[in-house]
Each structure stands twice: as structure tokens, then as C-alpha cells.
There are 2 protein chains.
Amino acid sequence: MQSVKIGILGLGTVGSGTVSVLKRNAREIIRRAGRDIEISVAADKDLQSPKNCDLSGIKLTDDAFSVVNDPDIQIVVELIGGTGVAKELVSKAIENGKHVVTANKALIAMHGNELFALAQEKGVTIAFEAAVAGGIPIIKAMREGLAGNRIEWLAGIINGTGNFILTEMRDKGRDFADVLAEAQALGYAEADPTFDVEGIDAAHKLTIMASIAFGIPLQFYSAYTEGISKIAQEDVQYAAELGYRIKHLGIAKKTDRGVELRVHPTLIPHRRLIANVNGVMNAVVVKGDAVGPTLYYGAGAGSEATASAVVADIVDVVRALTTDPENRVPHLAFQPDALKDTPILPIAEVVTSYYLRIHSEDKPGVLANITRILSEQGINIESILQKQPEEHEGLIPIIMLTQPVLEKNMDEAIAQIEALGTVTAPVMRIRMETLG
Amino acid sequence: MQSVKIGILGLGTVGSGTVSVLKRNAREIIRRAGRDIEISVAADKDLQSPKNCDLSGIKLTDDAFSVVNDPDIQIVVELIGGTGVAKELVSKAIENGKHVVTANKALIAMHGNELFALAQEKGVTIAFEAAVAGGIPIIKAMREGLAGNRIEWLAGIINGTGNFILTEMRDKGRDFADVLAEAQALGYAEADPTFDVEGIDAAHKLTIMASIAFGIPLQFYSAYTEGISKIAQEDVQYAAELGYRIKHLGIAKKTDRGVELRVHPTLIPHRRLIANVNGVMNAVVVKGDAVGPTLYYGAGAGSEATASAVVADIVDVVRALTTDPENRVPHLAFQPDALKDTPILPIAEVVTSYYLRIHSEDKPGVLANITRILSEQGINIESILQKQPEEHEGLIPIIMLTQPVLEKNMDEAIAQIEALGTVTAPVMRIRMETLG
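Rules used in this analysis
Residues numbered from 1 in each chain as written. Chains lettered and ligands numbered in written order. Predicted model: local features only at pLDDT ≥ 70, side-chain atom pairs only at ≥ 80, totals over all residues. Heavy atoms only, no water. UniProt positions renumbered as here; feature names shortened; annotations may be inferred. Helix = DSSP H or I, 4+ residues; strand = E, 2+ residues; numbered from the N terminus. Buried < 20%, exposed > 50% of the residue type's maximum accessible area, 1.4 Å probe, protein only. Pairing = 2+ DSSP bridges. Least-squares fit on C-alpha atoms with pLDDT ≥ 70 in both. Contact = heavy atoms within 4.5 Å. Core = buried A, V, L, I, M, F, W, Y, C linked by side-chain atoms within 4.5 Å. Buried area = accessible area lost by both parts, 1.4 Å probe. Salt bridge = Lys/Arg side-chain N within 4 Å of Asp/Glu carboxyl O. Polar contact = N/O pair within 3.5 Å; in protein donor to acceptor, adjacent residues only side chain to side chain. Nonpolar A, V, L, I, M, F, W, Y, C, P; charged D, E, K, R; others polar.

Per an unreviewed UniProt entry, chain A carries the name Homoserine dehydrogenase and comes from Methylophaga lonarensis MPL. Comment text from UniProt for chain A, heading Cofactor (unreviewed entry), reads "a metal cation". Annotation of chain A in UniProt includes, under Sequence similarities (unreviewed entry), the sentence "Belongs to the homoserine dehydrogenase family."

Structure follows, in C-alpha cells:
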């Protein structure tokens, strides 16, 4: 058979990893795909600086548009990132009838709906396994491997930097700021760590997974996003004493009232497998009605781990070249005309259990006031951990786990507790999930 | 589009689960597949006894051959099991140009090579996700999701009964025979537990995974198989003291000298994620050269969990109906003419580290004799745990961890140690893997 000609846009971390994997494993890949995959051309805006891969035999250009307009190219591999020029290039490639493979989570989460519609119109496919959880084949698992299930919920550790920070805080008793500085020095976190630690990166990935799980359009702007920067060392320790670990999770859940779509720190029982996913590793739990809980674990970032997903997508697209376009795996798992516009629940309408940490003066009646406020909001307390006053400030930390409650009731209760004269600092709240 | 007509053979545990899932999730499945999947007919040899599913609207027969000969049926779903009539039925279905979905691990592991050749000749596909690790989409993950990788090794907990027994032994300090009896009472283990606890069931699944990982023909009879019935409570405890857990693993590894294919109890570091997979759950770690280690976890057996994989395969096959047969995903991941006949290493040629437990009389020179024998066989000791003499027998248990050694050298060393007058019982050896 003829070889398939691809063009790679972007020779950064993932782009150079993709070139390396395609070249090193060329024989293994042709044994699987049955066809030779040829990197005809690669584009990078800065061809002067050294690249982390062997570019011999590949035509190089600094004009990415020349690649998407090249009539010989069948598959465009977009590894530039962002939603600017990458979006223009992907749109142009599709308009030119080319299939696209991309690792661009922001692009898919924010503009996927229109790009998929355009691809559908042009009879081409956009593959984006590498956009979620790096090398873990989570898109394929959910979209195809669990096709017989009604997916009830999913929960994932989908940002390696955040998980590295929380793991270090627990294992070594370090503080958030200290570990973040190290993560930046190690190159895990960006100089501006907002995307990682405030959960925006995770929200991109969660948005994509939720659409595939439930058959709903991509709705990035409806995702609730909360980071880990407020987690204190004492919270990590109290959680451990109570049998829990704190993980930064992306959670999507189908309820009778709508879809929950939320990224936030979460207490989970320490015996759960996902509670034992440490360091920069990622993992996603998917609960199907037939299969029960399944978990997928691996490297969520990195040059060759992400390239692994890019190359798998390229092989899939090579197979799709001779498939009936009407009978391919749909982009969002469900046929485009079968997507349901189920509303995303505002966070105030979400029901979860809570961990609360309240710093209070050590005065009579404090606990009675707090429990009265909670009770008035219909909030039941599951357990209380009351610590000895801290020497240096004379404050008692009161730790409570609650039963499930509507978030807006908890908001009201916390406002009232913080208004108590004896409560001297903002109440720390962390949502809890059993993931059972 | 027209509906796709399937025939189900066998209405036992998996068959009735498949009917239930297809019916309950019919709307969800059609939203994904784009076509209605209609169970036209189901065959069971005993139609009198009650079935665990709603059979309304399905034609029933006790003649399975009438189904594989039915010209209306496009996909035959074989859920009878075993290698007798199931093999005849699958062969006949293929000869009649029908696609096959099966959950039959023994059939694929023992007769897959010839069945795949026949299917290839007839232009049909055999899907067998449900044959390995129940509802976990591990075949799809390895065959497609990791298509860019050279897979270096894989290791799996792929028998739920065995993992349940080992989990109970560790968590509750119980003995093997005691937990096995409970597993049988709970219906996890068969009345004849040989397939589960002696590793035959795991070897079937491992054989299939190894072929897909490395692109080698199925070679079930070359797999080394060792069960867990000799694991004593004290071994579980010593392993824990040393920072390990004992798991019954199926391991396939590519080495310069051949492929290792082995099922046996294994000490693994307790921090590894797979060491924390408990109860009847299954998990497989796959190490690819690009992606690094990935892990897939879920229910490895059970009616609807296995049905989840069967239905996913049916949806895949529905898509394959309009695919170029030359461009489908190959049965064993690699193109049939690209399979390599890499030899399977005899177990005597395998290199691993070992845990050794030696019961010896408490006499001077015992340890010197043992270490001399090991040293003569080129075996280095990593650590020694010497326990106080047991009160009731006056014997010392000596626990050793060794560095990696060729199995046949260890065989020789153990024979010599057992010949020492002071060593009063067979030496217990358990292989170790770091899975790093």
C-alpha cells in the first residue's frame, strides 16, 4: 500500500516527541497499521533554535499554512497549542479536506463544537486523544470501550503538577508555596502556574470527558473551577487522621437535575485506588452502569507520553481513511444529531458532603453556635474532630465532616459561622466524594 | 439506517447480562452506534430453566447451529464458553461469512491462530475484548491506544478469585484454604477451583495479551503456570514486613533472549498502584517505551461487567461492517503477515529476584551453609530477615530477598539447601518484580 503523508505543526515538547516516536518505532507501527506513515513536512515558527528530535528526511518550513494547504498532506498534526493560530490552521486543514490530529485541549474544549461540525460537513475526522490525560487512552476507553454503558460519573486526577504538589504536601509535610516553587524549578509547572493550580487546565480536560461520557455539547464556560492554593498543611493532616486524602479532581456527574461539571480539591477515602495515585501521574475513574467503576492511569504529560497518544490517533485516522464517514466513531462518542443539551448545574445547586475547618476562640458555647447554624440549614454532622488549643494563638481548630448538603445551604451556613464573633478566620471547606 | 441483526449463543451469566445491557441501554447505544442493534435470536441448550434477563421479543431456540446458519444474522455472539461446541459454532459462523463476538478466553488462547486465519480468509472479524479482564477495555487499549509504542512488558491481576483470596489473607490474617472455602460459598470460585487458583484461567488471558503486546502468535502451551495454593500466612506477613505485597500476576516481558510468559505469585513493592488492587478486582499494567507505565483497572468478571465488553465489541463490529477489511484493526494488533515467531523462554531461563523462606534447625553454621550455596550459584543476597526460633518446633525461619538470578541457578541452589540436614521443610520461593 501507499504510504500516508502527514504534516506536523509545531516542534516543541510534544511535536519533537511525536517525531521521535514515529521514527524510532516506525517498524513496529507499520506492523500494526499495515501502511507506512511518512512525516513529509514539519512546520515551526522558530527553525533556528535546536529541536529535540532527528529531523533528517523531513521537509521543514516556518509557514504552517503551507502545510495545511499542501495537497499531498492527508493528515495534519496540530501540536502548537492555544486557540489563536492553531484554530485558524485546524479550520483551514479541515476546509481543505484533511484529517486532523491534535493535542490541543483548550482548542477542543472551547471551539470543539464548531470544529466538529465543520469536520462532519467535510467528511473528515478530528482526533484528540492527546488532549486529555496525555498518554492514557481515556478518550478511546470511554468512547469505544464503554460504549455499552450509561456512564454515571467520572472523576480524574488530570493535572500532574497539582497532584505532585498535593503528594509532596502529604508525604513530606511541606507547604503549598514551597512545593510549587520546586515544581516550577523542576519544569513541571509553568512560570505562571495559574492554569495548573487554579484548575483551568483540568477544566479543559474535564469538559471534553464529560461530553464524551454523557453525549452533551462541549460547555467549558459552565465548568466550576477551584484551585488548590488554599489547601493548608493542617488540612492534609486532618484529612489523613480521618482516613481521607485530598486530591485535586475533575468531576462530572449525571443527575436528575442536570450535569455536574466541577474541578476542586476533594477529600476521598484513602483506600480508593485513585487516592493512591501519586506524584505527577494522572488517573481517571469512570463509573458505568454495566461495568461498574473502571480506572485508567498513566503519565498525563511529557514529550513521549503525549506523543504516544498522538501516534495512536494517527494510526486510527489512517484506518479511517477507508471507512464510511457515516459509520466512524463520532467525535463526542454520540452521533452529532443525538447530542442532548442537558443543562450544567450551577455549583450552588450541587449536593456534596463537606470537610470544614473552623478556627475559633476557645470560649463556651462556640460549638453550640456552630452546630445550631448548621442544623438550621439542614446540615447533618457526620463527625467532629476538636483539637487542643494551639499554643501560639489560643484558637481551637474544629474539624467537621458533614452529610451531603446543597452547596447554597452550605454557603449560607458558612456566612453565618464567619459572622460569629468567636470565629476569627475564614472557614475552610473542602468537598468530599466517596467515589463508591 | 437498517438495524443490525445479532444472534446470541448461550444465556448463562454473560449471555443474560448481554441481553439485559443491550435492552436497558438500547437508546444510549443507538445514540453512539447510529444504528439499532436487534437481538433477533438467542440459543440456549436448556430453555426450560429460568434466565436472568427479559427475553421478550427475542426468538429462542435450543439449536445454536440454526443461528450460525441463519442468513439474516450478521453478528454471532458466542457466550457458551469452552473449546468444544463453541469452537464448532464459531468456525461455522465464520465460514458462513458472519462476524463473531466472543468472551471465550480458552477458545482464543488455544485456537485463536486458526480462527483468525479463517476469519481473515472470509473477510470477517472476531472480537474478543470480553475474553480478557472482563469489562476493562484492555484489548482496545493495547491494540489501538498504545499503537505507537514498543510494549516492553505487562503484568496483570487477571483472576478475581485469586486476588480475593490473597487480599483476605493479608487484610484478615486468614489461611488460604479457609478463604478459598468462603470464595466457593460466595460463588466467586468454581467447585473445582483449579482454573482460578492454579493460574490456568490467568494463563489463557495472559497468552492473549502477550500476543497483542508483542505481535507473536498465540502460544498458550508455552506459558508457565504456578498457583497460589502454597502461599502461607507467614509469607504474606514477612512480605509486608519487607515492604511488599504478594499478588498472583500474569507477566509477559520481551527480552533479548525471547518472550517471558508466566503466571505465578509475585512480591511487588507495596507502593505500586497495582499492589493496592484488592478483592475481586482486576488490573493490568502495560509498559510502553513512549508512554511509560499505564494501568487499567475494573471488574474482571461478572454478568454485566463482562457484558459491557461484549456490547462494546458489538458496536465496534457494527462499525466494521462498512470498513475495508484490509484496513481494520488486526486481530492480534499486528498485521497477520507481520507476526514474529519469537520463542517463549522456558521458565528455567527466566531471570528474576526471589523471596526465599527457609525453615531450619537453630544450629551453628546454618546460615553460613546457605549463603555459601547461594554464592556458589552466583546468587547475591539483597536482605535477610532472621526470626526468633518458633516456640513449638524449635525451627528458625530465615527469610531472604535475592538479587536477580537465572531460575535454573536458583533451582540448583534450592536443591542443595534442601539437602542440608538442618533444613527440615521444602524451601518456599516466590519471584519478585519491581514493576518499575
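1. Some remarks on unusual backbone geometry
Residues and elements named next belong to chain A. Positioned with a positive phi, A333 is a non-glycine residue whose angle comes to about 75°. Along the chain, A333 turns up in the loop between α12 (303-320) and β13 (351-361). Taking the relative accessible area as the measure of exposure, A333 reaches 0% and is therefore buried.

2. As for the sheet that holds strand β1 (residues 4-9) of chain A
Residue and element names in this part refer to chain A. The strand order across the open sheet formed by six strands is β3-β2-β1-β4-β5-β6, and the pairing between neighbours is parallel. Every other strand in the sheet has two partners, leaving β3 (59-61) and β6 (126-127) as the edge strands with one partner each. Sheet topology places strand β4 (residues 75-78) next to strand β5 (residues 99-102); four bridges connect them, and they run parallel. When the bridges of β5 are listed, V76 appears paired with V100.

3. Regarding the pairing of β13 of chain A
Residues and elements named next belong to chain A. With respect to burial, β13 is a largely interior element, nine of its eleven residues being buried. Sheet topology note: the β13/strand β17 (residues 428-432) ladder contains five bridges and is antiparallel. Looking at the pairing, Y355 lines up with I430 of β17. Here β13 pairs with strand β15 (residues 395-402) via seven bridges, running antiparallel. The partner of L356 across the bridge, within β15, is M400.

4. Here's the deal with the relation of the copies chain B and chain A
One copy of the chain maps onto the other through a rotation about an axis followed by a shift along the same axis. Least-squares fitting of chain B to chain A yields an RMSD of 0.0 Å, with the superposition described by an axial translation of 0.0 Å and a rotation of 180°. Both copies of the chain, as the preceding transformation shows, are related through a two-fold rotation axis. Comparing interface residues between copies, 100% of those in chain B also sit at the interface in chain A, which points to an isologous, same-surface contact.

5. Here's the deal with the nonpolar core
Ranked by size, the top nonpolar core spans 120 residues in total, and within it I138 and I208 of chain A together with I138 and I208 of chain B carry the most contacts. In this structure, I6, I29, I37 and V77 of chain A belong to the second largest nonpolar core, which totals 33 residues.

6. A closer look at the pairing of strand β17 (residues 428-432) of chain B
Residues and elements named next belong to chain B. Within β17, four of the five residues are buried, which leaves it mostly tucked inside the rest of the structure. As paired elements, strand β10 (residues 258-269) and β17 share two bridges and run parallel to each other. Considered in β17, the bridge of L267 is made with M432.

7. Topic: the UniProt feature "binding site: NADPH" (unreviewed entry) in chain A
All names here are of chain A. UniProt records the feature "binding site: NADPH" (unreviewed entry) for K105 in the present numbering. As for its placement among the helices and strands, K105 is situated in helix α5 (residues 105-122). Excluding residues that lie within four positions of it along the chain, K105 makes contacts with A131, D201, H204, K205 and I208.

8. Here we look at the sheet that holds strand β1 (residues 4-9) of chain B
Residues and elements named next belong to chain B. Judged by pairing direction, the sheet is parallel, and its six strands sit side by side in the order β3-β2-β1-β4-β5-β6 without closing on themselves. Among the strands making up the open sheet, the edge pair consists of β3 (59-61) and β6 (126-127). With four bridges joining them, β1 and strand β4 (residues 75-78) adopt parallel strand pairing. Note that in β4 the partner of L9 across the bridge is E78.

9. Let's talk about the interface of chain B and chain A
In this complex, chain B contributes 70 residues to the contact, which on the side of chain A involves 70 residues. Overall, the association of chain B and chain A removes approximately 5,700 Å² of surface from exposure, summing both partners, and the carbon and sulfur fraction of that is 49%. Of all residues in chain B, R31, R32 and N327 of chain B bury the most surface against chain A, accounting for 16% of the area lost on that side. Our count for the chain B to chain A interface comes out at six salt bridges. Taken together, the links from chain B to chain A amount to 38 residue pairs in polar contact (both at pLDDT 80 or more). Secondary-structure elements contributing two or more residues to the side of chain B that touches chain A are α1 (13-24), α2 (26-33), α6 (138-145), α7 (160-172), α10 (200-214), β12 (292-299) and α12 (303-320) of chain B. For the side of chain B that touches chain A, the leading source of residues is α12 of chain B, giving nine residues. Partitioned by chemical class, the residues of the side of chain B that touches chain A number 33 nonpolar, 16 polar and 21 charged. Bridge count between strand β12 (residues 292-299) of chain A and β12 of chain B: three bridges; the pairing is antiparallel. Bridging from a neighbouring strand, L295 of chain A pairs with Y297 of chain B of β12 of chain B.

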